[in-house]
Amino acid sequence: MVLLNVQLLFAEELIVADTIPPQVNLSTSSLDVSGPFDVMLQFSEPVTGLSEDDFVLDNATIDELSGDGQLFEVKVVPITGGAATIKLPANTVQDVDGNGNQASGLLTVQYADSDPPSVELSTDEEWVDSIFEVKVQFSESVFGLMASDFNVSNGAVTELLGSCDTYTILIN
């Protein structure tokens, strides 16, 4: 009798699932700006699906988005003087395995607005003999405006209404 020692070897296929979300870092060349500035986005791995609407901004807008893969750039336009912030929330882009990104940190810059706002005053009244409205339209948001800031001849400001860049004053 002959004994055979047979060994069967099975090739095992090892499948590793990527469950690690892409990380993102936001950076800019200066934290003190006087106009539009560029923000670089560096991801830990290539991602897709990034759009201008994905960002959370305060006191700023996005003018342009470019890039792909791991490196993107956005041009940010501050609105008024003071802090302007940008952040990319979690799960706004995906890696090749469908993992959503981790949220970025908050990037804050200080915007020094060197251009004073312009103002346009208008009214629908040609001749007045009683209380009338004057529309006040600024070129950008202003804060701290008071009725006493207006100089009126042959009358007085009785009320100031509005906010940001659009106001109405009542003159008596």
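For clarity, every value in this text was computed on a predicted model and none was experimentally measured.

Chemist: Just give me the short version of the nonpolar core, but keep the residues and values in it.
Modeler: Judged by nonpolar contacts, the single largest core of 22 residues is most densely connected at V39, L41, F43, F55, V74 and I86. Elements supplying a minimum of two residues to this core: β1 (24-27), β3 (37-47), β5 (60-78), β6 (82-87) and β7 (107-111). When residues no more than four places from it in sequence are discounted, the contact partners of V39 are L26, S27, F72, E73, V74, V76, I86 and L107. Grouped together as the second largest cluster of nonpolar side chains are ten residues, V134, V136, F138 and V142 included.

Chemist: Which residues make up the environment of V24, and what values do they have?
Modeler: Note that V24 resides in strand β1. By relative accessible area, which is 12% here, V24 ends up buried. When the C-alpha atoms of V24 and K75 are compared, they prove to be 17 Å apart, with 51 residues separating the residues in sequence. If near-sequence neighbours (up to four positions away) are discounted, V24 is found in contact with L41, Q42, F43, L88, Q102, A103 and S104.

Chemist: Kindly report on a negative patch on the surface, identifying the contributing residues and their values.
Modeler: A surface patch of negative charge is lined by E52, D53, D63 and E64. Within the secondary structure layout, D63 lies in strand β5.

Chemist: Break down the sheet that holds strand β2 (residues 32-33) for me, with residues and values.
Modeler: A sheet is described by the order of its strands in space; here four strands give the open sequence β2-β7-β6-β4, paired in mixed fashion. The sheet is open, and its two edges are formed by β2 and β4 (56-58), each paired on a single side. Pairing between β2 and β7: two bridges, direction parallel. Counted as the bridge partner of D32 is Q110 from β7.

Chemist: How would you sum up the environment of T108? Please name residues and give values.
Modeler: On the secondary structure map, T108 appears in strand β7. When sequence neighbours within four positions are dropped, the list of residues in contact with T108 reads L31, A83, A84 and T85.

Reading the values: rules and limits
- Residues numbered from 1 in each chain as written.
- Predicted model: local features only at pLDDT ≥ 70, side-chain atom pairs only at ≥ 80, totals over all residues.
- Heavy atoms only, no water.
- Core = buried A, V, L, I, M, F, W, Y, C linked by side-chain atoms within 4.5 Å.
- Buried < 20%, exposed > 50% of the residue type's maximum accessible area, 1.4 Å probe, protein only.
- Helix = DSSP H or I, 4+ residues; strand = E, 2+ residues; numbered from the N terminus.
- Contact = heavy atoms within 4.5 Å.
- Patch = residues over 30% accessible without salt bridge, like charges linked within 9 Å, V, L, I, M, F, W, Y side chains within 5 Å.
- Areas by Shrake-Rupley, 256 points an atom, 1.4 Å probe, with all protein chains shown as cover.
- Salt bridge = Lys/Arg side-chain N within 4 Å of Asp/Glu carboxyl O.
- Lys, Arg positive; Asp, Glu negative; His and termini not counted.
- Charge placed at Lys NZ, Arg CZ, Asp CG, Glu CD.
- Pairing = 2+ DSSP bridges.

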